[in-house]
Amino acid sequence: MRIAVISDTHNRVPAMLPERLREADEIWHLGDVCAPDVLGEFAQLGPPLLVVRGNCDAHDAWPLALQLEREGVKFFLTHIPPPSAPPGCAVVLHGHTHVTRDEVRHGVRWLNPGAVARPHDGAASWAWLTVERGKLTRWELMRI
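In this report, the structure presented in the accompanying data block is examined. (Residues numbered from 1 in each chain as written. Predicted model: local features only at pLDDT ≥ 70, side-chain atom pairs only at ≥ 80, totals over all residues. Heavy atoms only, no water.)

## Observations regarding the sheet that holds strand S10 (residues 135-143)
Then comes step 1: Ordered by their spatial adjacency, 5 strands build an open sheet running S3-S2-S1-S9-S10, and the pairing between neighbours is mixed. Looking at which strands have only one partner, the edges of the open sheet turn out to be strand S3 (49-51) and S10. Averaged over all adjacent pairs, the angle separating strand axes in this sheet is 20°, with direction ignored.
Then comes step 2: Here strand S1 (residues 2-6) runs beside strand S9 (residues 125-132); their pairing, made up of 4 bridges, is antiparallel. For Arg-2, the partnering residue across the bridge sits in S9 and is Thr-130. (Pairing = 2+ DSSP bridges. Helix = DSSP H or I, 4+ residues; strand = E, 2+ residues; numbered from the N terminus. Axes fitted to C-alpha atoms, helices over the stretch in contact; angles between N-to-C directions.)

## A look at unusual backbone geometry
Then comes step 1: The phi torsion at His-98 lies on the positive side, around 60°, for a residue other than glycine.
Then comes step 2: Along the polypeptide, His-98 turns up in the loop between strand S6 (91-93) and strand S7 (101-105).
Then comes step 3: A relative accessible area of 6% means that His-98 is categorised as buried.
Then comes step 4: Positive phi, close to 55°, is recorded for Arg-118, a residue that is not glycine.
Then comes step 5: Accessibility expressed as a relative area gives 54% for Arg-118, which makes it exposed. (Buried < 20%, exposed > 50% of the residue type's maximum accessible area, 1.4 Å probe, protein only.)

## Thoughts on the sheet that holds strand S8 (residues 108-112)
Then comes step 1: If you walk across this open sheet you meet the 5 strands as S4-S5-S6-S8-S7, and the pairing is mixed. The open sheet has two edge strands, strand S4 (65-70) and S7, and neither has a second partner. Strand-to-strand twist of the sheet, defined as the mean angle between neighbouring strand axes without regard to direction, takes the value 20°.
Then comes step 2: For strand S5 (residues 73-78) and S6, the ladder comprises 3 bridges, and the chain directions are parallel. Residue pairing across strands places Phe-76 opposite Val-92, the latter belonging to S6.

## Some remarks on the state of the cysteines
Then comes step 1: Within the structure shown, the criterion is met by 0 disulfides.
Then comes step 2: Counting only cysteine sulfurs, Cys-34 is the nearest neighbor of Cys-56, a cysteine outside any disulfide, at a range of 5.1 Å.
Then comes step 3: Cys-56 sits in the partly exposed class, given a relative accessible area of 39%. (Disulfide = S-S within 2.5 Å.)

## Things to note about the side chain of Ser-7
Then comes step 1: Here Ser-7 shows up in the loop between S1 and helix H1 (17-20).
Then comes step 2: The class of Ser-7 is buried, set by a relative accessible area of 0%.
Then comes step 3: In terms of polar contacts, Ser-7 uses its side chain to reach the side chain of Asp-8, at 2.7 Å.
Then comes step 4: With residues up to four places along the chain from it excluded, the contact list for Ser-7 reads His-29, Leu-30, Gly-31, His-79, Gly-95, His-96, Pro-113, Gly-114, Ala-115 and Val-116. (Polar contact = N/O pair within 3.5 Å; in protein donor to acceptor, adjacent residues only side chain to side chain. Contact = heavy atoms within 4.5 Å.)

## Some words on the packing of aromatic side chains
Then comes step 1: Under the counting rule described, the total for this entry stands at 2 aromatic pairs.
Then comes step 2: Between Trp-28 and Phe-75, the aromatic rings sit 5.2 Å apart at their centres with planes inclined by 75°, giving edge-to-face as the arrangement. In this pair, Trp-28 sits in strand S2 (residues 26-29) while Phe-75 sits in strand S5, placing the two residues 47 residues apart along the sequence. Residues Trp-28 and Phe-75 agree in their burial class; the two are buried.
Then comes step 3: Sitting over the face of the ring of Trp-128, Arg-2 holds its NZ or CZ atom 3.6 Å from the ring centroid.
Then comes step 4: The ring centre of Trp-110 lies 4.3 Å from the NZ or CZ of Arg-105, which sits over that ring. (Phe/Tyr/Trp six-rings, centres within 6.5 Å; stacked < 30°, edge-to-face > 60°. Lys NZ or Arg CZ within 6 Å of the ring centre and 35° of its normal.)

Below you can see the structure in the form of structure tokens.
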């Protein structure tokens, strides 16, 4: 399963980004969308679009966090990184910092795709996440 992970779009979607996500099995947005209509292009691509609410989002229909299992891997999606991972979670994905992250803490992998808008560590970015047979097999950062 190949998942496109984006965060911190802040009402900005580069013209080429939706087309690059077309091959995703799912698209996960880790918050700070701002205006919900910004997601229209992603929703039209076809893959399921999952969104968590960021601190700049006022759309109450989006949850603050999601706990998911894909291919036997348990994920926790949120915008602001929590102080610790929820029990049983293998991977925490978050946005908010506008800085990419790939770190293992206490046996849990912490990932941040960076930011589509206003990155703090160089170029704007998003990521491909691949899971197969109970393992996260690839985290590939993509620059915009």
